[in-house]
Amino acid sequence: MSGLLVIRPGALTTVQDRGRPGYAHLGVPRSGALDTGAYALANRLLGNPPDAAVLETTLDGVALRAAAATTVAVTGAPCSVRVSGRPVAWGAPVRLSPGAELEVGRAESGLRSYVAVRGGLAVPPVLGSRSTDLLSGLGPPVLSAGTLLPVGAAGPDPVTGADVHGLPGAPSELLLPLRVGPRADWFTDASLAGLWRAVFRVSAMSNRIGLRTEAGSPLVRARAGELPSEGMVLGAVQVPPDGLPVVFLADHPVTGGYPVVGVVPPGPALDSAAQARPGVPVRFTRA
């Protein structure tokens, strides 16, 4: 039987694909892999369809045992990769024989690694996606020891090399382009002018729902009170009462009542946010 048995689940390992867009009107977040470039590369290395499901690990990796011969690849945060105790390549296809154990180690830089398997993970889809959504609880549960992850049939495309070293590494400083609005008028002109000079830090309270910031110069309100709840999008930068921006990531809520000072467009900057560890400086630039 084809599959991967979870030996060590790691701090937080979830199944992710390209997510389930199009359901915000039903209160369902998009979800999906946070580092979209690393996710796409992992599947490209193995000749998988671009929407194949993979594992997304957080900081300390995962250990798996192959129930049958298969091929895997690890991308994202650089880390040690071993097969039955023997070092193998990161960022390249690796063959597993039946019973072989794959050990994906602690991230050496960055935060999240991606483990793809030839054929993709064949957990049951929910609303067209196999992604785990931490906010709504949709999709497969967070990995636990003893879980057997089913693997799909390999497609016709070959296993190949890829441009792994063309991907950006973990950021030493997170630069986030910001399109101002729609609620920038809720903040003083001085705060908005200072936003481009402010240096925040990634908070340890960050997760797949949002990248929280700390330190820096809090934004000051020009208006009192609160907004009625309104729609939120991926990359929205919401400002809670403490004035420290929160960047919404893949598992973000679809509505919120704090003013949104601007939006970080989808793309490389949000991929970098997925790899930013606590303490990394954060600056906003004009998009």
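In short, a report on the structure. Just so you know, these numbers come straight off a predicted model, no measurement behind them. (Residues numbered from 1 in each chain as written. Predicted model: local features only at pLDDT ≥ 70, side-chain atom pairs only at ≥ 80, totals over all residues. Heavy atoms only, no water.)

### Re the sheet that holds strand E8 (residues 94-96)
Part 1 of the argument: Strands sit in the order E2-E3-E10-E5-E8 across an open sheet of 5 strands; the sheet is antiparallel. Whereas interior strands pair on both sides, the edge strands pair on one side only; in this sheet they are strand E2 (14-16) and E8. If you compare each strand with its neighbour and ignore which way they point, the axes differ by 30 degrees on average.
Part 2 of the argument: Where strand E3 (residues 54-56) meets strand E10 (residues 113-117), 2 bridges bridge the pair, whose relative direction is antiparallel. (Pairing = 2+ DSSP bridges. Helix = DSSP H or I, 4+ residues; strand = E, 2+ residues; numbered from the N terminus. Axes fitted to C-alpha atoms, helices over the stretch in contact; angles between N-to-C directions.)

### Observations regarding the pairing of strand E4 (residues 62-66)
Part 1 of the argument: Within E4, 4 of the 5 residues are buried, which leaves it mostly tucked inside the rest of the structure.
Part 2 of the argument: Bridge count between strand E1 (residues 3-8) and E4: 4 bridges; the pairing is antiparallel. Of the residues in E4, the one forming a bridge with Leu4 is Ala66.
Part 3 of the argument: Strand direction decides the pairing type here: E4 and strand E9 (residues 101-107), joined by 4 bridges, are antiparallel. Residue pairing for E9: Ala63 is matched across the bridge by Glu103. (Buried < 20%, exposed > 50% of the residue type's maximum accessible area, 1.4 Å probe, protein only.)

### Quick notes on the packing of aromatic side chains
Part 1 of the argument: In this structure the tally under the stated criterion is 1 aromatic pair.
Part 2 of the argument: When the ring of Phe200 is compared with that of Phe284, the centres are 6.1 Å apart and the planes differ by 70 degrees; the resulting orientation is edge-to-face. Of the two residues, Phe200 sits in strand E13 (residues 200-202) while Phe284 sits in strand E20 (residues 281-286), which places them 84 residues apart along the sequence. (Phe/Tyr/Trp six-rings, centres within 6.5 Å; stacked < 30°, edge-to-face > 60°.)

### As for the pairing of strand E19 (residues 260-263)
Part 1 of the argument: Where strand E12 (residues 174-180) and E19 come together, 2 bridges link them in antiparallel fashion. Within E19, the position partnered with Arg179 by the bridge is Val263.
Part 2 of the argument: Summarising the sheet, strand E16 (residues 236-238) and E19 pair through 3 bridges and their orientation is antiparallel. What sits directly across from Ala236, in E19, is Val263.

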